[in-house]
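Listed here are the chains, written in short residue letters.
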Amino acid sequence: MRKSRLRDAEALSPFMIGMLALSLAILFVPLVIIILLSFNTSPYGTFPFQGTLKWYAALFTDSGLLGPTWLSVELSFLVAVSAAVFGTMAAVWLDRRASKIAGTMFRAALLSAITVPWLILGLAMLLVMNAIGLGRSLFAIYLGLLATVLPYVVFIVSARLNALDRDLDFAARSLGASPIVSFLRVSAPLILPSILSGTLIAFMVSFNNFLIQYFLAPFGVQTLPLKIYTLIRVGYLPDLNALATLIVGITCLLIAILHRLGLRNAGLPGGAAL
Amino acid sequence: MSNMDDGLNITAVGKGFGPVQVLRDVSLSVPRGAFHTLLGPSGSGKTTLLKIVAGFTPADSGAVTLAGRAITDMPPEHRNIGVVFQHYALFPHMSVTENIGFGLKMRGVAKAERAARVEEVLRLVRMTGFGHRKPAALSGGQQQRVALARALVIKPQLLLLDEPLSALDRKVRQEVREELKRIQAETGVTTVMVTHDQEEALFLADRVLVLEGGALRQQGAPADIYGNPADEFVAGFLGAINLLKVKAEGQMLRLGSQSFAPPADVIGALACASKGAVLHLAVRPEQLLVEPGEAGTGQLGGRLIATEFGGPVVTLRIDVEGQAVSVLSLSPDVLAAGPWEVGMPVRLMVRGGSLLA
């Protein structure tokens, strides 16, 4: 009786299939349209569809999009790598050394960095940057993005560290390894997948983050999100569609890599950041 | 006693976690080559003591020496102590060979010698041919053998075993237990094992140390501890026991309205007890003999409450003077000696035991 009811609950009703289809459509139809338009000759999104690669050619020659794209990629790469280093250090500290009170406070602070709206964070960061004399600058963006993505790395890595058997470290120590050697030879290889997952997520969150960049960018410096924002206000050419298509492709690749790294085992809560 | 300096010496070690005192001035010595077991219930402080000896936890007070060296404040990597953990703690990303070779690598042993020593210790634990496997591809018993090999290959001055058998199935546990005994005897390594399983402790150790509430309650040879427990706790912790509340009455013991002859073991102790003193006679179930029928002079009478068949042993539950229900296990032959009927009178002969104040 109970079992059959459970099966009913698990089976997809027509209504649920409909809802699922609708949600997926809302997510993916715009993407598909952008991809199609990037190959369409007409710059105004009009039919008939005539295939072309000229927008891709334009993207790489005279669109003015590549500069902001590279800036964003470089910036996010730097942010992600820094977050991996500092985030892993913080996670190890949380797991091994932090007192109960300090650990709880640090976790709460990190959690609030995720839950406080970026709008507020960005505004607050601008105030702080001005107060400490950094003002709007590339270094300010770097710091702001780093603070924004750090919690993701810390939570993902510390979830994995937490699941590690403490005795592994004890075993290594008793066999003659110093604390650092024990970490490098035993713990580090075992948490590496989670560090890589955290780094990739940090990269994506940083790359995407319009608000922090908007508040902290110096005048005249345009990251990709800021550039797209400007273009949308003044009208744009389908070379942007071509760029968007490339980014979607690269994102899919990254997600595939994340999956191969065993993201589900890395302890990411619900894969929410994706 | 000259070899005491070669072994492990623990002097007045104390340890507290916050307000909880886990170890209270524990002192003990393990001579070189001996196999001692720290036996106690969970929360007795036995694992904490092991961690202090291994260097994983600092002691609040006291001193630890190993082979004449003071190691109290030495980091674990300098102690040369092999540790085997309850859940094996094999490095999952390394093969069996790499796991075992880890300690040698840390000691800078050259590759060729390392391979030879790993091979040798694999033979010792009867795991030859498993070197290329990852721990996940091994059974629990095999993993614990590898863990033992990993701890032994560094030729430690002391081998610590932290509940090494508790994660294993019953059948495998007995197998590994025998292997452990053989390997310890073969290598002659000084060994301290922590366990809560009294059967394991009695089987393996040449000396059992009973720990409770952070203090040593009794230590001695297994047969000694089992046969002559020092107090009620030790008596109850090492297997089933009957604690009969008795009064000293000259050369006899009185239980309620009955007067009976004490077993030979306790006559000496009884002579020291003052007349009328209330004592506990601790009797192992197998030290009692039971027959159907009323009690004669100097025998103890009671009524049968139940017979419980348990394979190789049979337990008879008997009520003596309404006092504590006593237990009795014997070979199944006793059932044939019946007829046993619940409620029938039986007589008990006490063949051994010890007196507790």
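The model shown is predicted, which means the values in this text are computed figures rather than measured ones.

So, about the domain arrangement of chain A. Residue and element names in this part refer to chain A. The domains assigned to chain A are domain 1 (2–57) and domain 2 (65–271). Relative to domain 2, the C-alpha centre of domain 1 lies at a distance of 29 Å. Taken together, the contact pairs nine residues of domain 1 with nine residues of domain 2. Here domain 1 packs against domain 2, burying approximately 780 Å² in sum over the two surfaces, 79% of which is carbon and sulfur. The tally of links from domain 1 across to domain 2 stands at zero salt bridges. The interface formed by domain 1 and domain 2 holds one residue pair in polar contact (both at pLDDT 80 or more) in total. Counting residues per element, the ones that place at least two in the side of domain 1 that touches domain 2 are helix H2 (14–38) and helix H3 (54–61). Tallying contributions element by element places H2 first for the side of domain 1 that touches domain 2, with five residues. Considered class by class, the residues forming the side of domain 1 that touches domain 2 number seven nonpolar, two polar and no charged.

By a frequent convention, interface size equals the accessible area lost on bringing the separate parts together. All names here are of chain B. For chain B, the domain assignment lists domain 1 (2–235) and domain 2 (240–356). Computed from C-alpha coordinates alone, the two centres of domain 1 and domain 2 are separated by 39 Å. Across the boundary between the two partners, domain 1 contributes nine residues, which contact seven residues of domain 2. When domain 1 packs against domain 2, the two sides together hide about 700 Å² of surface, and 51% of this comes from carbon and sulfur. Counting the surface domain 1 buries against domain 2, the share from its top three residues, Tyr226, Glu232 and Ala235, is 66%. Inspection of the region where domain 1 meets domain 2 yields zero salt bridges. Put simply, domain 1 and domain 2 have three residue pairs in polar contact (both at pLDDT 80 or more) between them. Counting only elements with at least two residues in the side of domain 1 that touches domain 2, the list comes to helix H7 (222–227) and helix H8 (232–237).

Between helix H9 (residues 179–208) of chain A and helix H2 (residues 96–106) of chain B, the shortest axis-to-axis distance is 13 Å and the interhelical angle comes to 150°. With respect to H2(B), the axis of H9(A) lies roughly antiparallel. With respect to the hand of their crossing, H9(A) and H2(B) are arranged in right-handed fashion. Of the residues in H2(B), those touching H9(A) at Val181(A), Arg185(A) and Val186(A) are Phe102(B), Lys105(B) and Met106(B). Residues belonging to the contact of H9(A) with H2(B) are distributed by class as follows: four nonpolar, no polar and two charged.

Time to look at empty space enclosed by the protein. Residue and element names in this part refer to chain B. All told, the structure shown has two cavities of 30 Å³ or more when counted by the stated rule. Empty space within the largest cavity amounts to approximately 60 Å³. Leu8, Ile10, Leu28, His36, Leu38, Leu49, Leu50, Val53, Leu160, Val192 and Leu209 together form the lining of the largest cavity. Counting only elements with at least two residues in the lining of the largest cavity, the list comes to strand S1 (8–17), strand S3 (35–39) and helix H1 (46–54). Here the lining of the largest cavity gets three residues from one element, more than from any other, and that element is H1. Empty space within the second largest cavity amounts to approximately 50 Å³. If you list the elements that add at least two residues to the lining of the second largest cavity, you get helix H4 (140–152) and helix H5 (170–187). Element by element, the count of residues in the lining of the second largest cavity is highest for H4, at three residues.

Summary statistics for chain A give a mean pLDDT of 84 and a share of 91% for residues scoring 70 or more. Mean pLDDT in chain A bottoms out at helix H1 (residues 2–10) of chain A, which sits at 53, and peaks at helix H8 (residues 166–174) of chain A, which reaches 94.

Bringing the interface of chain A and chain B into the picture now. Residue-level contacts link 18 residues of chain A with 22 residues of chain B. Across the chain A-chain B interface, the total number found is one salt bridge. Linking chain A with chain B are three residue pairs in polar contact (both at pLDDT 80 or more). For the side of chain A that touches chain B, the elements supplying multiple residues, two or more each, are H8 and H9 of chain A.

Attention now goes to the sheet that holds strand S13 (residues 258–260) of chain B. Residue and element names in this part refer to chain B. With antiparallel pairing, the five strands of this open sheet are ordered in space as S13-S12-S11-S14-S20. Pairing within the sheet leaves two strands with one partner each, and these edge strands are S13 and strand S20 (354–356). Between one strand axis and the next, the sheet turns through 40° on average, direction left out of account. Summarising the sheet, strand S12 (residues 252–255) and S13 pair through three bridges and their orientation is antiparallel. Directly across from leucine 255, in S13, lies its bridge partner glutamine 258.

Criteria and cut-off values
Each residue is numbered by its place in its chain's sequence as written, counting from 1. Lettering for chains starts from A, numbering for ligands starts from 1, and both go in the order in which the items are written. Owing to the predicted nature of the model, reporting of local features is limited to residues with pLDDT of at least 70; listing and counting of side-chain atom pairs is limited to 80 or more, with chain, interface and lining totals taken over all residues. The side-chain figures draw on all heavy atoms in the structure; neither hydrogens nor water molecules are used. Domain delimitation in this document rests on an assignment produced automatically or drawn from a domain database. Contact between two residues is taken to exist if any of their heavy atoms lie within 4.5 Å; hydrogens are not considered. Buried area counts how much accessible surface, traced with a 1.4 Å probe, disappears from two parts once they are put together, with both parts' losses summed. One speaks of a salt bridge when a side-chain nitrogen belonging to Lys or Arg is within 4 Å of a carboxyl oxygen belonging to Asp or Glu. The term polar contact refers here to a pair of N or O atoms within 3.5 Å; inside protein, the definition further demands a hydrogen-donor-capable atom paired with an acceptor-capable atom, and it admits residues adjacent in sequence only when both atoms are side-chain atoms. Secondary structure follows DSSP: runs of H or I at least 4 residues long count as helices, runs of E at least 2 residues long count as strands, and numbering of each begins at the N terminus. Under the grouping applied here, Gly and all other residues not named as nonpolar or charged are polar, the nonpolar ones being Ala, Val, Leu, Ile, Met, Phe, Trp, Tyr, Cys and Pro and the charged ones Asp, Glu, Lys and Arg. To obtain an axis, a line is fitted to C-alpha atoms, over the contacting stretch when the element is a helix, and the angle between two such axes runs from 0 to 180 degrees between their N-to-C directions. In this scheme, roughly parallel covers angles under 35 degrees and roughly antiparallel covers those over 145, while 65 to 115 is roughly perpendicular and the rest are oblique. By convention, the crossing between two helices is left-handed when the near helix turns anticlockwise from the far helix through less than a right angle, and right-handed when the turn is clockwise. In the cavity and pocket records, a cavity denotes points on a 1 Å grid over the protein atoms alone where a 1.4 Å probe fits but cannot get out, a pocket denotes an open set with protein on both sides within 12 Å along at least 5 of 7 lines, and lining residues are residues with an atom within 4 Å of a point. Grid points are joined across faces, edges and corners, and a volume is the space filled by probe spheres set on the points. The predictor reports its confidence for every residue as pLDDT, a score running from 0 up to 100. Only strands joined by at least two bridges in the DSSP assignment are considered to pair.

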